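Working through the structure, step by step
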Amino acid sequence: MNKHGRIIEIRGLKGILTAIFVVCCLVTGFTVFPGFVAMHIWNFAAMYITDMPQMTLLHGVMLWGIIFLIWFAFNGNFPSLHFGCQSTMDDEEIREFVEKLQREQEELQKENNSNEEQE
């Protein structure tokens, strides 16, 4: 069993078109949209500074690329996306977790018993 990912099966023309659509949406979401936001921030700042040029969408995407490359140069690794990935617990961690739950349950039962005796 593959614990790290799933195999996606693409069947027929509909599957190919769906895959192309998903890839285009990802490209747009991670490049064009941040470029659009960068363009509008730049153009908003340009209104208040004299002789500052306006940007187009292409310039915004390039500015976003420059920002990403600078971030990558100083950070040293690419950002990773994790969709529904959770680290699995090994047997020892599971035992510790169950023991902790049992101790807490015993403490709660003792508190309930002491409260009932006082009433």
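So, how was this worked out
Residues numbered from 1 in each chain as written. Predicted model: local features only at pLDDT ≥ 70, side-chain atom pairs only at ≥ 80, totals over all residues. Heavy atoms only, no water. Helix = DSSP H or I, 4+ residues; strand = E, 2+ residues; numbered from the N terminus. Buried < 20%, exposed > 50% of the residue type's maximum accessible area, 1.4 Å probe, protein only. Contact = heavy atoms within 4.5 Å. Areas by Shrake-Rupley, 256 points an atom, 1.4 Å probe, with all protein chains shown as cover. Patch = residues over 30% accessible without salt bridge, like charges linked within 9 Å, V, L, I, M, F, W, Y side chains within 5 Å. Salt bridge = Lys/Arg side-chain N within 4 Å of Asp/Glu carboxyl O. Lys, Arg positive; Asp, Glu negative; His and termini not counted. Charge placed at Lys NZ, Arg CZ, Asp CG, Glu CD.

When its secondary structure is counted, the chain shows 3 helices and 0 strands. Mapped in sequence order, the helices and strands of the chain form the string α-α-α. By residue count, 8% of the 119 residues in the chain fall in the buried class. Considering only contacts within the chain whose residues lie at least 6 apart along the sequence, 28% involve residues at least 24 apart. As displayed, the chain offers around 11100 Å² of accessible surface, 64% of which is attributable to carbon and sulfur atoms.

Residues Asp90, Asp91, Glu93, Glu96 and Glu99 make up a contiguous surface patch of negative charge. One can find Asp90 in the loop between helix H2 (57-75) and helix H3 (91-118).

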